[in-house]
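The primary structure of each chain is shown beneath.
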Amino acid sequence: MRLVSSTKLLELQKKTSQIRNICIVAHVDHGKTTLADSLISSNGIISQRLSGKLRYMDSRPDEQERGITMKSSSIALYHALEGEEHLVNLIDSPGHIDFSSEVSTAVRLCDGAIVVVDVVEGVCPQTRLVLKQAYSENMKAVLVFNKIDRLIVEMKMTALDAYVHIAQLLEQVNAVMGELFASEVLENEETLIDKQRQKPNPKEDNNFYDWTSALEDSDDSNLYFSPEQGNVVFASAIDGWGFTVHTFAKLFSDKLGVKEELLTKVLWGDFYLNPKTKRFMKGAQEKAKKPLFVQLVLDNLWNIYETIVLRNDKEKVPSMCEKLGIKLTTRDLRHTDSRVQLQSLMMQWLPLSNTVLDMVCRKLPSPKEILPEKVEKLMCSRIRDFESYSDETKELKKDFLACDSSNDRPVIVFISKMFSIDKSMLPSNKPKALTPEEMALRRERARQMRDALKHSEKSEPIPVKTEELVENDKEKHATDEQEKEDGDDTAFIAFARIFSGRIKKGDKLYVLGPKHDPSQVLMNKEFNIDPNKKLKDLQSDEHITCAEIKSLYVLMGRELEDLEEAVAGNVIGIGGLEDHILKTATLSSTVACPSFSEIQYAAVPILRVAIEPTYPSQLPQLVKGLKLLNQSDSCVQVLLQESGEHVLVTAGEVHLQRCLEDLKNLYAKIPITVSEPIVPFRETIVEPPKVDMANEEIDSQNIDKGNATDIDPVITVYTNNKQSKIRIRAKPLPNVITALLEKSADLLKAISQYIKTLQGLNNNDKIENKLEDLHINGKHHLSDRMLKLIEAFKTELQNISSKLGPDWKNVVNQIWSVGPRNCGPNLLLNQTTDYKTKFLHHEDIIKEDPRFEYEGSFVSGFQLASLSGPLCEEPMMGVAFCVEEWTLEKLEEDSSHTFGPLSGQIMSTVKDGCRKAFQVQPQRLMAAMYSCDIVVDQKVLGKFQRIVNHEVALIVVSTKVSHHNILTFFKRIINPYKTRWKWSNRDIGF
């Protein structure tokens, strides 16, 4: 039975300073959902005895079957601390690497995180990943060491050994935090140096130089986890107990006659109690003394477990409960399962839910305490400077920091994902409680029907008033018919957080897409928004729609509760936005609000399969189902090949199975046929070979060179109307340059977008006259941050190319474009003598030239060629196309009616020329190399290494490298040893 009513939760939603938005993150099987069950049981939503067994937040059947969480879900909890009432919006997130995108969407909405670590398995790869995700989002975290009972029952450790093990584990977690902190500080050190250079040097020392590092001036006092600071909980979620150092300091302060604050400081660490002087001394390890934490805390825990679980001594349980001040029921005392007795005792003595929620309310910030650094990260991407925004946009930062729900504040809402729910689960479709009048009416109807049955044999039946029943039946029948016409049982709810203002049902807000740029919208005075447009109606340069808020919900795990209005600081669900949002979006009452920065997903989709309906006539249902699946899953990708084949791209095998089940049972509701995993390839070229198969030099062989026909590597192509001539040569790109291009993909894409904007202004006038009205990033030029990134990229590329020989010496000034998709690992180099263009500083060389009008078409032809190579229509990788000549002769007579527009001719000609230049070089296919980390038990590490070294050649020579084949291989070689193993850090390389 719920202990807190919905009305109470709605009241607390309006007290922003008392709200805590937190998520639970950890490696898979470290106990997140079990911990969430314990916290939920504190509100009476589930029984305490079912904590860890019910897995309340795992509402999907496959989640219950597999025992892992596959989606992020939120629930609102009530907690009272020291007379103050708090509302805790708790989000349980997955730990499996396949569903790390769900963690990213949850972290974006929260202010704090509970990091759970299994004390037996320790810091796993996914633990490092979630710590990095939380740190990158400027979240404050607290730590829970879970499954301490395993140290006693399974590992058979002594209390002292367990203390040493936990202390080492704490150091490992803090080491990860230290690495993240140091890397961020060193990245920002260049900015600090620039600011210091602006300061005048001391006059008395002209050779003054500051050798101090930025790390010395950075404050990391609140960065690390420390038990004495109260941000570490020691727990066993399955047994329902947990404590902090403060918990035992409060218990023992009176017995030892010391202050609670002093005992909190010395209870953890290298301190011991001197029995003679009754003082706390430092140096327990040096003097071979038992640490205070072992003596006062762990010894008591070990005694309880040894008495109840290991020895099953039921006679000592009553006396133990009496000493602890606990009363167990007769049923618990007589229970045959010793673990049930232990749980009943520990839940009363050290309740886990109270300990964790107390720590959350004390240590984690409220929405009003959001940091300015986090606001700037949310408002602008990594390559954009906050100062580049217009004044109207920069003013919104104050609204973020205020987190105020006043009516005059602008509404700012971020939607991290769209999740599907059956329409029958919506509050509006659930049966409602009857009013007293309705209940009285039904009683009257029942009485009349009974009287009619009694007198039916003796006299004529008494007429029963059934008009209202008939009307209800008609209404129900009409509703059923409407649902059949709709034909869709799935509704989409937006998983959102309000950062400013308040929203109500019926409000109309702007839906800002991920590519929305407020600077361009505010610059255009004639900008209008069609309120009737939806997402599917937008053009390529339109990113704003107008939507009405149809419904608001409080997220309660498996259930939803209706809301009339929601205020700033809350995590809520919003209905009726499925026609306006694909995956993520920003809602605002002003178009000056920027779209939130893109969520950084830890795992990329790598596993591809082709899907088709079992019965071809059901193809429309499959297409509709794939659209719904793409909308509901933030990590899945749906591709339509040129051949008409539908390809589904997922993060891994478990993710693929979940998507296929959803497609068959929820979205498409048809039988489907799935292909074997598709192996991705890349097409490339290599240097011509200098030795043959017999390892002999080709040039020195005695062959008839007179009959040999050398193929010219330079390809000459013409447009159909012979107006343009193009000479192109392809050559392999060095690996170091390819790696640099892949690393700088975001920067290159932003530069390409900037160049497209410049080219678009040349439609009706000269660009020199239009540049004055151009506001890129809010200014007349690129932002300072982006210019610095470009300079750093140029410097790094110049240093690399200077070591590669004369052919690559001037590559920085020759770059024309990168591809495919304007951010790929291929280059288009301009080596013409009469047409100059620079990719990195395009605005500096704008001049009168008839070819400039068709430069976009030229680049588009290169993009098409690099996206689909001639070998097997796969993207190219590591190829440089050098344009040695491009001539254009404009004719007075129009020949477009015969050959089509000249721009289209140039595009197709460049594409064909690049493909031909590629084919005259030695061609190669690059196969996918699947990399991962595998964790096994130390006992079988030697055997595992021997088997892998013996059989790893099978993977190298395999012609069909896929996730499924490698997974089957490792199962075959690991399962005989019956040990735990996990995937992590998976990636595809070529």
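Remember, predicted model here, so these are calculated numbers, not experimental data. (Residues numbered from 1 in each chain as written. Predicted model: local features only at pLDDT ≥ 70, side-chain atom pairs only at ≥ 80, totals over all residues. Heavy atoms only, no water.)

Undergrad: Teacher, can you tell me more about the overall build of the chain here?
TA: Broken down by element type, the chain carries 33 helices and 32 strands. Within the chain, buried positions represent 49% of all 990 residues. When contacts within the chain are restricted to residue pairs at least 6 apart in sequence, those whose partners lie at least 24 apart make up 75%. Of the roughly 50,700 Å² of accessible surface on the chain, 50% is carried by carbon and sulfur atoms. (Helix = DSSP H or I, 4+ residues; strand = E, 2+ residues; numbered from the N terminus. Buried < 20%, exposed > 50% of the residue type's maximum accessible area, 1.4 Å probe, protein only. Contact = heavy atoms within 4.5 Å. Areas by Shrake-Rupley, 256 points an atom, 1.4 Å probe, with all protein chains shown as cover.)

Undergrad: What's the story with the nonpolar core in this structure? I'm lost.
TA: Membership of the largest hydrophobic core comes to 103 residues, with the highest contact counts inside it found for Phe145 and Phe234. Those residues in contact with Phe234 that sit more than four places away from it in its chain are Phe145, Ile148, Ile166, Pro227, Trp241, Gly242, Phe243, Val245, Trp268 and Phe293. Among the nonpolar cores identified, the runner-up in size contains 79 residues, and Ala235, Met556, Ile611 and Tyr667 belong to it. (Core = buried A, V, L, I, M, F, W, Y, C linked by side-chain atoms within 4.5 Å.)

Undergrad: In this structure, what is going on with the pattern of salt bridges? I would like to understand it.
TA: Opposite charge on two side chains allows them to pair when their charged atoms are near. All chains considered together, the criterion is met by 40 salt bridges. With a closest N to O distance of 2.9 Å, Asp332 and Arg49 form a salt bridge. Residue Asp332 is found in helix α13 (residues 330-334), and its partner Arg49 is found in the loop between α2 (32-41) and α3 (61-66); the two are separated by 283 residues along the sequence. Taking relative accessible area as the criterion, Arg49 reaches 41% and is therefore assigned partly exposed. Put simply, Arg727 and Glu884 hold a salt bridge, and the shortest N to O gap is 3.8 Å. Here Arg727, found in strand β26 (residues 724-732), pairs with Glu884, found in strand β29 (residues 879-888); they are 157 residues apart in sequence, far enough to count as distant. Residue classification places Arg727 among the partly exposed positions, given a relative accessible area of 23%. A single network of salt bridges, built from pairs that share partners, joins Asp118, Lys147, Arg150 and Glu154. (Salt bridge = Lys/Arg side-chain N within 4 Å of Asp/Glu carboxyl O.)

Undergrad: What exactly am I supposed to notice about the packing of aromatic side chains here?
TA: Any pair of aromatic rings gets described here by the distance separating the centres and the angle formed by the planes. For the structure on display, the rule yields 25 aromatic pairs. Taken together, a centroid distance of 5.5 Å and an interplanar angle of 80° make the contact between Tyr835 and Trp886 edge-to-face. Residue Tyr835 is located in the loop between β28 (826-830) and α29 (855-867), and its partner Trp886 is located in strand β29; the two are separated by 51 residues in the primary sequence. Tyr835 sits in the buried class, given a relative accessible area of 3%. When the centroid spacing of 4.7 Å and the interplanar angle of 45° are considered together, the rings of Phe858 and Trp886 count as tilted. On the criterion of sequence distance, the pair formed by Phe858 in helix α29 and Trp886 in strand β29 is long-range, its members being 28 residues apart. By relative accessible area, which is 0% here, Phe858 ends up buried. With a relative accessible area of 1%, Trp886 lands in the buried category. One aromatic cluster is present, formed by Phe145, Tyr163, Phe234, Trp241, Phe243, Phe248, Phe252, Trp268, Phe293, Tyr305 and Trp349 through successive ring pairs. (Phe/Tyr/Trp six-rings, centres within 6.5 Å; stacked < 30°, edge-to-face > 60°.)

Undergrad: What's the story with the side chain of Glu137 in this structure? I'm lost.
TA: Within the secondary structure, Glu137 sits in the loop between α5 (125-136) and β5 (140-146). In this structure the side chain of Glu137 is engaged in a polar contact, spanning 3.2 Å, whose partner is the side chain of Arg108. Apart from the residues lying within four places of it in its own chain, the contact partners of Glu137 are Val107, Arg108, Lys374 and Leu378. (Polar contact = N/O pair within 3.5 Å; in protein donor to acceptor, adjacent residues only side chain to side chain.)

Undergrad: I'm lost on the sheet that holds strand β21 (residues 637-640) in this one. Help?
TA: Remark on secondary structure: sheet strands pair via backbone hydrogen bonds, oriented parallel or antiparallel. Strand order in the open sheet formed by four strands is β21-β22-β20-β23, with antiparallel pairing between adjacent strands. Lying at the two open borders of the sheet, with one neighbouring strand each, are β21 and β23 (672-674). Each strand of the sheet is rotated relative to its neighbour by a mean of 30°, with strand direction disregarded. Pairing of β21 with strand β22 (residues 646-650), which is carried by four bridges, proceeds in the antiparallel orientation. Paired with Leu639 across the bridge in β22 is Val647. (Pairing = 2+ DSSP bridges. Axes fitted to C-alpha atoms, helices over the stretch in contact; angles between N-to-C directions.)

Undergrad: It is not clear to me how the pairing of strand β16 (residues 559-563) should be interpreted in this structure. Could you clarify?
TA: Successive residues of a regular strand alternate their side chains across the two faces of the sheet. Where strand β15 (residues 551-556) meets β16, five bridges bridge the pair, whose relative direction is antiparallel. Within the sheet, the bridge partner assigned to Tyr553 lies in β16 and is Asp562. Two successive antiparallel strands, β15 and β16, enclose a turn made up of two residues, where Gly557 displays a positive phi of approximately 70°.

Undergrad: What is the right way to read the sheet that holds β28 from this model?
TA: Strand order in this open sheet of five strands is β25-β26-β29-β28-β27, and the pairing throughout is mixed. Only two strands of the sheet have a single neighbouring strand rather than two, namely β25 (714-718) and β27 (815-819). Averaged over all pairs of adjacent strands, the angle between strand axes in this sheet comes to 25°, irrespective of strand direction. Here β27 pairs with β28 via four bridges, running antiparallel. Bridging across to β28, Gly819 finds its partner in Asn826.

Undergrad: Whenever I open this one, helix α9 (residues 245-256) confuses me. Can you help?
TA: Helical geometry note: an α-helix holds 3.6 residues per turn, so side chains three or four residues apart project in the same direction. Taking 1.5 Å as the rise per residue, α9 with twelve residues should run 16 Å; its terminal C-alpha atoms sit 15 Å apart, in good agreement. When we look at burial in α9, the residues that qualify are Val245, Phe248, Ala249, Phe252 and Ser253. One side of α9 carries all its buried residues, which in axial view fall inside an arc of 140°. Those residues of α9 that are exposed and angled more than 90 degrees off the buried face are Lys250 and Asp254. Against β6 (232-236), β7 (241-243), α10 (260-266), α11 (292-310) and α14 (338-349) lie the buried residues of α9. Among the residues trailing α9, Gly257 stands out with phi positive, at a value near 70°. (Expected span 1.5 Å × (residues − 1). Arc of directions from axis to C-beta.)

Undergrad: What am I meant to see in the packing of α2 against helix α15 (residues 352-363) here?
TA: A pair of packed helices can be characterised by two numbers: the angle between their axes and the separation between those axes. Axis separation between α2 and α15 bottoms out at 8 Å; the angle between their running directions is 95°. Judged by the inter-axis angle, α2 sits roughly perpendicular to α15. Mapping the contact onto sequence places Leu35, Ser38 and Leu39 in α2 and Leu352, Ser353, Val356 and Leu357 in α15. Along the lines of polarity and charge, the residues of the contact of α2 with α15 split into five nonpolar, two polar and no charged. (Parallel < 35°, antiparallel > 145°, perpendicular 65-115°, else oblique. Nonpolar A, V, L, I, M, F, W, Y, C, P; charged D, E, K, R; others polar.)

Undergrad: It is not clear to me how the confidence of the model for the chain should be interpreted in this structure. Could you clarify?
TA: Close inspection of predicted coordinates is inappropriate for parts of the model with low pLDDT. With 82% of its residues at a pLDDT of 70 or more, the chain shows a mean pLDDT of 83. Highest mean pLDDT in the chain belongs to β6 (96); lowest belongs to helix α26 (residues 767-770) (41). Overall, residues 702-709 carries pLDDT values under 50, and its contacts beyond four positions in sequence, including any with other chains, amount to one contact. Confidence drops under a pLDDT of 50 for residues 971-988, and excluding neighbours within four residues, the segment shows 65 contacts in the predicted structure. (pLDDT = per-residue confidence, 0-100.)

Undergrad: Just to check I follow, could you spell out the packing of α11 against α14 for this structure?
TA: Running from N to C, α11 and α14 point in directions that differ by 150°, and their axes come no closer than 9 Å. In terms of orientation, α11 and α14 fall into the roughly antiparallel class. Seen from above, α11 lies across α14 with right-handed handedness. Here Asn300, Leu301, Ile304, Tyr305, Ile308 and Val309 of α11 come into contact with α14, specifically with Ser338, Arg339, Gln341, Leu342, Leu345, Met346 and Trp349. Split into classes, the residues belonging to the contact of α11 with α14 amount to nine nonpolar, three polar and one charged. (Left-handed = near helix turned anticlockwise from the far one by under 90°.)

Undergrad: Looking at this structure, I do not really get a positive patch on the surface. What am I missing?
TA: On the surface, Lys515, Lys749, Lys756 and Arg821 cluster together into a positively charged patch. Looking at the secondary structure, you find Arg821 in the loop between β27 and β28. On the accessibility criterion, Arg821 (56% relative accessible area) is exposed. (Patch = residues over 30% accessible without salt bridge, like charges linked within 9 Å, V, L, I, M, F, W, Y side chains within 5 Å. Lys, Arg positive; Asp, Glu negative; His and termini not counted. Charge placed at Lys NZ, Arg CZ, Asp CG, Glu CD.)

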